[in-house]
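# Observations on chain architecture
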Amino acid sequence: MKVLSHPTIKAYIRMCQDGWEQGWHERNGGNLTYRLKADEVDAIREEFTFERPWTELGVSAPNLSGEHFIATGSGKFFRNVALCPEESICICEMNERGDGYRVVWGLTAGGRPTSEFPSHIMNHSVRVKATNGECRVIYHAHPANIIAMTYILPLTAKAFSRALWQSATECPVVFPDGVGVVGWMVPGGADIALATSELMKEFDAAVWAHHGLFASGPDFDITFGLMHTIEKAAEIYMKVVSSGKPVMQTITDADLRAIARDFKVTLREEFLDEK
Ligand code: 2HA
Ligand code: ZN
């Protein structure tokens, strides 16, 4: 089967277009990776080529040995993915040690996978462990409101998780573990990859201060939905703060506990105030 005819590849391209339409991917901003299933690789392998060189990642993820990832290309624009996928995205095969990769499909006009590939691979590695192999998608975007929040709140998981949970009633149900927060760091390297993956042991999303958000999940719907829910809550938070009006009421900790009880989710207790 042709790579671009496969439903999973089509779903990946649709998610890139959805993110672009949300306004989260100015210029070459953001990146998306998906860990292909063995039967998906088998279905499209006929179009793979193996002449491109193995490249070191700078990080090591032995539990991803031999896995295949779809990835957006470094310097490529989400805006162009649906129009010209074969030039904008690629499929990478991991080496046996899990510390390098080669491009086996795509990027037909040249290039390499996203500059954040080390962060994606480290996040895949810890999320695969944390979810017993369920996690397949890592998504990085630059939504404006969650970035704006990083200028006015303490850069702690507790401050962000509470502010987001209190901004929309569905939030504690969608991300009961809350979100992690990484202080400002230089993007694109092994340091930010390691810092983010430490947080992803406990959280399925992590804010990058003054930069954007990482979200993870088992499929495109859940992962896009997590990014969307967090950014919408951030938008509400920023609208309330920007209104200049005093906050007259909010979702209280007792309310959060009531949601957790009825929706059968466990909220991270240390993020709630005393009963
Ligand atoms: O791909 O978003 O963090 C460009 C970026 C880097
Ligand atoms: Zn970025």
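Model, not experiment: these values are computed from the prediction. (Residues numbered from 1 in each chain as written. Chains lettered and ligands numbered in written order. Predicted model: local features only at pLDDT ≥ 70, side-chain atom pairs only at ≥ 80, totals over all residues. Heavy atoms only, no water.)

Our next topic: the site of ligand 1. Around ligand 1, the surrounding shell consists of N28, G29, G30, N31, E116, H140, H142 and H211. One of the side-chain nitrogen or oxygen atoms of N31 is found 2.9 Å away from an oxygen atom of ligand 1. The separation between an oxygen atom of ligand 1 and a polar side-chain atom of H142 is 2.9 Å. Burial of ligand 1 by the protein amounts to 88% of the accessible area it has alone, namely 220 Å². Looking at the shell around ligand 1, its residues break down into no nonpolar, 7 polar and 1 charged. (Near = heavy atom within 4 Å. Polar contact = N/O pair within 3.5 Å; in protein donor to acceptor, adjacent residues only side chain to side chain. Areas by Shrake-Rupley, 256 points an atom, 1.4 Å probe, with all protein chains shown as cover. Nonpolar A, V, L, I, M, F, W, Y, C, P; charged D, E, K, R; others polar.)

This brings us to the coordination of the zinc ion (ligand 2). Taken together, H140 (NE2), H142 (NE2) and H211 (NE2) make up the full set of protein donors to the zinc ion (ligand 2), lying 2.0 to 2.1 Å away. Positions of the donor residues of the zinc ion (ligand 2), expressed as sequence spacing, correspond to H-x1-H-x68-H. With respect to burial, H140 and H142 carry one shared label: buried. (Donors = N, O, S within 2.8 Å, 3.2 Å for Na, K, Ca; no water. Buried < 20%, exposed > 50% of the residue type's maximum accessible area, 1.4 Å probe, protein only.)

Bringing the pairing of strand 4 (residues 89-94) into the picture now. Counting buried positions along strand 4 yields 6 of 6 residues, so the element is predominantly enclosed. Along strand 4, one buried face is formed by I89, I91 and E93 and the opposite face, lined by C90, C92 and M94, is buried too. For strand 3 (residues 68-72) and strand 4, the ladder comprises 5 bridges, and the chain directions are antiparallel. For H68, the partnering residue across the bridge sits in strand 4 and is E93. (Helix = DSSP H or I, 4+ residues; strand = E, 2+ residues; numbered from the N terminus. Pairing = 2+ DSSP bridges.)

Among the surface-exposed residues, Y151, I152 and V241 lie close enough to one another that they form a single nonpolar patch of about 310 Å² accessible area. One can find Y151 in the loop between helix 6 (144-149) and helix 7 (157-165). (Patch = residues over 30% accessible without salt bridge, like charges linked within 9 Å, V, L, I, M, F, W, Y side chains within 5 Å. Salt bridge = Lys/Arg side-chain N within 4 Å of Asp/Glu carboxyl O.)

Relative to the assigned elements, F50 resides in the loop between helix 2 (38-44) and strand 2 (55-56). Measuring from C-alpha to C-alpha, the distance between F50 and V103 comes to 7.7 Å, with 53 residues separating the pair along the chain. Ignoring anything within four residues of it in the chain, the contact list for F50 reads E93, R102 and V104. (Contact = heavy atoms within 4.5 Å.)

Scope: geometric values only; no functional claims are made or implied.
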